[in-house]
Amino acid sequence: MRLSERVSRMKPSATMAMDAKAKDMVAEGKDVLSFALGEPDFPTPPDVCEAGIQAIRGGHTKYTPASGTVRLKKAICAAAERDLGLTVTPAEICVGNGAKHILADIFGAMVNPGDHVILVAPYWVSYADLIELFDGTFTAVEAPADRDFVPDIAAIEAAVTDRTIAVLINSPSNPSGGVFAQEDIAALADVAVRRNLTIISDEIYKHILFDGRAHFSPAMVSEEARKRTIIVDGVSKTYSMTGWRIGWSIAPADFTKGLGTLQSQMTSNPNSIAQEAAADALLGPQDAVEAMRAEFGQRRDVIVGLLNAIPGVSCRRPGGAFYAFPDVSSYFGKTLRGRKIETSTDMSMYLLDEGLVSTVPGDAFGVTDNIRLSFACSTEDIRRGCERIAEALAG
Ligand SMILES: Cc1ncc(COP(=O)(O)O)c(C=O)c1O
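Every value quoted in this text rests on a predicted model; they were computed, and no experiment measured them.

Caption draft 1: Looking closely at the overall build of the protein chain. Secondary structure assignment for the protein chain yields 14 helices and 14 strands. Considering only C-alpha atoms, the protein chain reaches an extent of 60 × 55 × 55 Å along its principal axes. In the protein chain, buried positions account for 51% of the 395 residues. Counting only contacts in the protein chain whose residues sit at least 6 apart along the sequence, the fraction spanning at least 24 positions is 71%.

Right, dumping it as structure tokens:
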């Protein structure tokens, strides 16, 4: 049966594809260690699970308003006040089935054919495909390792064309762990105001920051910047609620209304039970968030140390999120166990086949030299995985 051009040009999510291949190998009885998927390994906190059970018992099992319940929107407003110091109203919030769905809503509501969006490379796999799904185009401005994966804001401004409508940033970044400093965010907001751009700020990892860093959103720069900012967030990473599928945007009310209209035709409301649990997650005790963050911080130190001890591998210390993004390009052009390694995809495939370790190639994130390892797994697995990588790279 014929597929539309729109769908034909989409690539399946590389992270999910890599994880699927690793799972197939596990099903064949191979002991694969997975560093591929961006999913915290902790259970959803018990009080949040209990809130979900109570939601079912309490009859929260029917359609809700398309853009989310008033209770969850009010909880998001309270969290925005607590975490960002922003006073937000429910009319500025659209809740969807995860941040990925919200991003699809945003591009659907914003992009006309030929419109241009600026990304920062390395960028999260889905941005590019979602922009192209709605016939938009994009340019990726490099965030180099020697700038700790934060782009030069002047380079972003230089990439603006007369078709540019938005800049998308993701701090802390998946896959690089790069974190924008407050001055960078302020400089970006200044560009957005002068060049009449929207900033889409994907803040899904904002609670996973290390070494005393504090999160700073473009919406916090000034009232003018806030009017141009769409914050994207959700419960997946902060509360280890990936399967519950709740994400949201905070944006000016007129744009948010459009998101709600789009969503009302595409999916109706996000899951009613998950909305109740998400509200409890946001309003309840936040100790589990800090406990997970601290654990990620310790694992980061372990994985970065072990990767840097492997000859030819060089890894920066990520400032946030739960990914290490080592440069493995010193192996490009070399032959290991009879296999020529030319690209990061070759490297990820080699490590999977020969080291039984699944990673994601930098190619999937718009850069050539790196591979991504999620450290959302036990320290024991990190140690075993790095040993396997070292052995495989020794040839
Ligand atoms: C940068 C980034 N944004 C958005 C998402 C989507 O999160 P979810 O759809 O689970 O809310 C992810 C998930 O991996 C991500 O890494």
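Now that the structure has been shown, the text picks up again.
Caption draft 2: Seen up close, helix H3 (residues 46-57). For H3, which comprises 12 residues, the first-to-last C-alpha distance of 17 Å matches the rise-based estimate of 16 Å (1.5 Å per residue) to within 8%. Buried within H3 are the following residues: Val48, Ala51, Gly52 and Ala55. Along the axis of H3, the buried positions cluster into a sector of 100°, meaning they face one direction only. Counted as exposed and oriented over 90 degrees from the buried face of H3: Pro46, Ile53, Ile56 and Arg57.

Caption draft 3: Inspection of the site of the ligand at higher detail. Around the ligand, 13 residues are found, and the nearest of them are Gly98, Ala99, Lys100, Gly234 and Ser236. Taken together, the residues of the shell around the ligand break down into three nonpolar, eight polar and two charged.

Caption draft 4: The sheet that holds strand S9 (residues 323-324), seen in detail. With respect to topology, three strands assemble into an open sheet ordered S9-S14-S13, the strand pairing being antiparallel. Only two strands of the sheet have a single partner each, and these edge strands are S9 and strand S13 (360-361).

Caption draft 5: Broad picture of the domain arrangement of the protein chain. Domain annotation for the protein chain reports domain 1 (5-43 + 288-393) and domain 2 (46-283). On a C-alpha basis, the centroid separation for the pair domain 1 and domain 2 is 25 Å. With 33 residues of domain 1 in contact, the opposing surface of domain 2 contributes 31 residues. Elements with a minimum of two residues in the side of domain 1 that touches domain 2: helix H2 (14-27) and helix H12 (287-308). Broken down by class, the residue content of the side of domain 1 that touches domain 2 amounts to 16 nonpolar, eight polar and nine charged.

Caption draft 6: Expanded view of the packing of helix H4 (residues 70-84) against helix H11 (residues 272-283). One can describe the packing of H4 onto H11 by two numbers: an axis separation of 9 Å at closest approach and a directional angle of 25°. Here H11 runs roughly parallel to H4, going by the angle between their axes. H4 and H11 meet at a crossing whose hand is left-handed. Residues Arg71, Leu72, Ala75, Ile76, Ala78 and Ala79 of H4 form the contact with H11, whose participating residues are Gln275, Ala278, Ala279, Leu282 and Leu283.

Caption draft 7: Inspection of the pairing of strand S7 (residues 229-234) at higher detail. Counting buried positions along S7 yields six of six residues, so the element is predominantly enclosed. Side-chain alternation along S7 places Thr229, Ile231 and Asp233 on one buried face and Ile230, Val232 and Gly234 on a second face that is also buried. Pairing between strand S6 (residues 198-202) and S7: four bridges, direction parallel. Along S7, the bridge assignment pairs Ser201 with Ile231. In the sheet, S7 pairs with strand S8 (residues 247-250) via four bridges, with the strands oriented antiparallel. Within S8, the residue paired with Asp233 across the bridge is Trp248.

Caption draft 8: Structural context of the sheet that holds strand S4 (residues 137-142). Strands sit in the order S2-S8-S7-S6-S5-S3-S4 across an open sheet of seven strands; the sheet is mixed. With partners counted over all chains shown, the strands left at the sheet margins are strand S2 (93-96) and S4, one partner each. Each strand of the sheet is rotated relative to its neighbour by a mean of 20°, with strand direction disregarded. Contacts between helix H10 (residues 253-266) and the sheet are confined to S2 and S8, with S2 contributing the most and set at about 25° to the helix.

Caption draft 9: The nonpolar core, seen in detail. If you look at the biggest cluster of nonpolar residues, it comprises 119 residues, and the most contacted ones within it are Ile106, Leu119, Tyr123, Val167, Leu188, Ala278 and Phe375. Among the elements that make up this core, the one with the highest residue count is helix H5 (residues 99-110) (eight residues). Contacts of Leu188, omitting those with residues within four sequence positions, involve Ile153, Ile156, Val167, Ile169, Ile199 and Pro218.

Analysis parameters
The numbers attached to residues start from 1 for each chain and follow its sequence in the written order. Only residues with pLDDT of at least 70 get local features here, since the model is predicted, and only at 80 or more are side-chain atom pairs given and counted; chain-wide, interface and lining totals rely on the full set of residues. Secondary structure counts use DSSP, requiring at least four H or I residues in a row for a helix and at least two E residues in a row for a strand, with both numbered from the N terminus. Counting other C-beta atoms within 10 Å of each residue's C-beta, where C-beta atoms are placed from the backbone, gives the exposure class: buried for 20 or more, exposed for 12 or fewer, partly exposed between. Note on contacts: each residue gets a C-beta atom placed from the backbone, and two residues are in contact if those atoms are within 7 Å. Expected helix span is taken as 1.5 Å per residue step, with the number of steps being one fewer than the number of residues. Think of it as the arc spanned by the lines of direction from the helix axis to the C-beta atoms. Think of it this way: take the backbone, place a C-beta atom on it, and check whether that atom is within 6 Å of the molecule or strand, in which case the residue is near it. Here the term charged refers only to Asp, Glu, Lys and Arg, the term nonpolar to Ala, Val, Leu, Ile, Met, Phe, Trp, Tyr, Cys and Pro, and the term polar to all other amino acids, Gly among them. DSSP bridges decide pairing: two strands pair if at least two such bridges lie between them. Where a domain begins and ends is set by an automatic assignment or by a domain database. Fitted lines through C-alpha atoms serve as axes, helices being fitted only where they are in contact, and the angles separating the N-to-C directions of these axes extend from 0 to 180 degrees. Working rule for angles: under 35 degrees goes down as roughly parallel, over 145 as roughly antiparallel, 65 to 115 as roughly perpendicular, anything else as oblique. A clockwise turn of the near helix away from the far one marks a right-handed crossing, whereas an anticlockwise turn of less than a right angle marks a left-handed crossing. A set of buried Ala, Val, Leu, Ile, Met, Phe, Trp, Tyr and Cys residues, joined through C-beta atoms within 7 Å, is what we mean by a nonpolar core.

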